Amino acid sequence: MENTPSHIKAWIYSEYGKTQEVLKLDANIPIPETKEDQVLIKVVAAGLNPLDYERTLGYYQSFSTPLPAVPGYDVAGEVVKIGSQVTKFKIGDEVYGDINEIALQNLKTIGSLAEYTTAEEKVLAHKPSNLSFAEAAGLPAAILTAYQGLERIEFSAGKSILVLGGAGGVGTLVIQIAKNVFGASKIAATASTTKLELLRELGADLPIDYTKENYEELPEKFDVVYDTVGESGRALKAIKEGGKVITIVEPETPPAIPFEVTSNGLELEKLQPYLESGKVKAVLDPKGPFPFTQAIEAFSHLETNRAIGKVVIHPIP
């Protein structure tokens with residue numbers, strides 16, 4: 001075990017509000033305790049998710065961790081300490097994962113926007129050797145949301161899919177996983193005009209410019225619509241008879257199926273061959289990665305809802 005400090009730097013909020021107003025960089029936060037089933041991670045990169053700033057705004061006060069709290073779900077870094085029950089990892093291993101098993105339950109007080117954080121062994125996986133820490137930090141919550149959502153609706157080879165928000169953090173991975181893991185017969189995806197070429201590069205057969213076309217009015221209908229933008233009502237008009245809509249944004253319009261991710265290191269490992277072969281790639285927003293000192297700017301960019309792929313903080317500190 002390396003000589004870990006007793007206190008660390010982290011972005012922390014002590015009251016609810018906009019990230020630009022309540023998130024502060026504190027250099028004197030006690031390092032989190034490592035429990036028996038956890039590892040202590042020296043954070044190298046962290047990925048941001050909308051849930052981070054929604055929690056900061058106080059949307060989930062009844063579920064969330066008491067304040068003050070450090071945001072951040074996605075992490076990539078190096079194991080520097082292991083609990084007595086940990087068997088999968090050793091000190092020095094490079095790991096990545098979503099440190100909170102359930103999005104709004106038993107949340108870590110010290111999230112991934114810190115020099116060090118802790119996570120249970122079961123939510124972590126070894127970092128694919130061909131990925132940078134920044135790329136790895138952009139994957140966990142989004143790739144698991146994409147994969148588990150497709151599993152949830154029993155997606156399979158030969159089916160067609162329409163991805164709403166194809167250039168976003170989850171959408172970019174739904175396209176790739178539907179094509180390369182599940183064997184989709186046809187993939188359509190929506191984005192704004194400047195992002196259509198990215199959709200093609202990721203494997204979409206039919207890029208749809210949502211600023212010019214209404215996807216629900218297209219003559220072609222789909223077996224599945226994966227909604228990452230909160231349009232499940234419109235999406236129901238774009239499915240074939242017997243088709244399904246899955247949505248990760250509330251409120252859902254029945255019979256659209258709402259879905260929330262569960263962090264799972266074993267599933268990350270299951271997807272590792274696709275990452276190592278390059279069939280599935282991390283898509284990072286071109287404005288980043290943002291250095292640790294610019295976390296506020298990173299959140300401001302994420303909050304525009306115009307980010308491409310994932311917004312990542314790197315290096316830390």
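Because the structure is a prediction, the values reported are computed rather than measured. (Residues numbered from 1 in each chain as written. Predicted model: local features only at pLDDT ≥ 70, side-chain atom pairs only at ≥ 80, totals over all residues. Heavy atoms only, no water.)

What about the UniProt feature "domain: Enoyl reductase (ER)" (unreviewed entry) in the chain?
Logical step 1: UniProt records the feature "domain: Enoyl reductase (ER)" (unreviewed entry) for residues 18-313 in the present numbering.
Logical step 2: With 24% helix and 25% strand, the stretch residues 18-313 has end C-alpha atoms that lie 19 Å from each other. (UniProt positions renumbered as here; feature names shortened; annotations may be inferred. Helix = DSSP H or I, 4+ residues; strand = E, 2+ residues; numbered from the N terminus.)

A short note on the side chain of Asn100
Logical step 1: Inspection of the secondary structure assignment puts Asn100 in the loop between strand S5 (94-98) and strand S6 (116-120).
Logical step 2: The buried category is assigned to Asn100, whose relative accessible area is 2%.
Logical step 3: Side-chain polar atoms of Asn100 contact the backbone nitrogen of Lys108, separated by 2.9 Å. (Buried < 20%, exposed > 50% of the residue type's maximum accessible area, 1.4 Å probe, protein only. Polar contact = N/O pair within 3.5 Å; in protein donor to acceptor, adjacent residues only side chain to side chain.)

Re the packing of aromatic side chains
Logical step 1: According to the stated counting rule, one finds five aromatic pairs in the structure shown.
Logical step 2: Ring geometry for Tyr13 versus Tyr16: centroids 6.4 Å apart, planes at 55°, classification tilted.
Logical step 3: Note on Tyr13: relative accessible area 0%, which makes it buried.
Logical step 4: For the pair Tyr59 and Tyr60, a centre-to-centre distance of 6.2 Å together with 70° between the ring planes defines the contact as edge-to-face.
Logical step 5: Relative accessible area serves as the criterion here: at 55%, Tyr59 is assigned to the exposed category. (Phe/Tyr/Trp six-rings, centres within 6.5 Å; stacked < 30°, edge-to-face > 60°.)

Quick look at helix H8 (residues 265-276)
Logical step 1: If you check H8, its first and last C-alpha atoms are 16 Å apart, about what 12 residues at 1.5 Å a residue would give, namely 16 Å.
Logical step 2: What H8 keeps buried is the set Gly265, Glu267, Leu268, Leu271, Gln272 and Leu275.
Logical step 3: In this structure, the buried residues of H8 make contact with S5, strand S7 (124-126) and helix H4 (140-152).
Logical step 4: At the N-terminal end of H8, a side-chain oxygen is found 2.8 Å from the backbone nitrogen of Leu266, two or three residues along, and the residue is Asn264. (Expected span 1.5 Å × (residues − 1). Contact = heavy atoms within 4.5 Å.)

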